[in-house]
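# Survey of secondary and tertiary structure
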Amino acid sequence: MAKKYQGTIRYVDLEGGAWMLETAEKRYPLKSLAKEYRKDGLVVEIEGEEEAGFGFLMAGNMLSIVSIRKV
């Protein structure tokens, strides 16, 4: 079930690079972030679903995006 997350888009230059959502509580690697949102420091609200397990960044559950908007 999709849940809302608000935070800041961050680029991590590790293993070829990855995009993450940094919230007040934790960081989520993002799955399928559209190019227009790939801006380090961009504040967004994402409706998404967490996928259990850890990715190569070991930063927490992957967040699969259902919808996204700039805040």
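Counting of residues starts from 1 at the beginning of each chain's written sequence and follows it residue by residue. Reporting in this predicted model follows two pLDDT cut-offs: at least 70 for local features of residues, and 80 or more for side-chain atom pairs to be given and counted; totals over whole chains, interfaces and linings ignore these cut-offs and use all residues. With hydrogens and water excluded, all non-hydrogen atoms of the structure serve as input to the side-chain values.

### What about the confidence of the model for the protein?
Summary statistics for the protein give a mean pLDDT of 90 and a share of 90% for residues scoring 70 or more. Predicted confidence in the protein is weakest over strand E3 (residues 27-31), with a mean pLDDT of 91, and strongest over strand E1 (residues 3-12), with 97. The score called pLDDT rates the predictor's confidence residue by residue, from a low of 0 to a high of 100. Helix numbering and strand numbering both begin at the N terminus, where a helix is a DSSP run of H or I of at least 4 residues and a strand a DSSP run of E of at least 2.

### Details of the packing of aromatic side chains
Stacked, tilted and edge-to-face are the three classes applied to pairs of Phe, Tyr and Trp rings, where Trp contributes its six-membered ring and a pair requires centres within 6.5 Å; stacked means planes under 30 degrees apart, edge-to-face means over 60, and tilted covers the rest. Applying the stated criterion across every chain, the model contains two aromatic pairs. Ring centres of tyrosine 5 and tyrosine 28 lie 5.1 Å apart, and the angle between their planes is 65°; on these two criteria the pair is classed as edge-to-face. With tyrosine 5 in strand E1 and tyrosine 28 in strand E3, this residue pair connects regions lying 23 residues apart in the sequence. Residue tyrosine 28 is classed as buried on the basis of its relative accessible area of 5%. Aromatic side chains tyrosine 11 and tryptophan 19 sit 4.9 Å apart centroid to centroid with 55° between the ring planes, which places their arrangement in the tilted category. Buried residues are those whose accessible area, probed at 1.4 Å on protein chains only, stays under 20% of the maximum for their type, while exposed residues exceed 50% and partly exposed ones sit between those limits.

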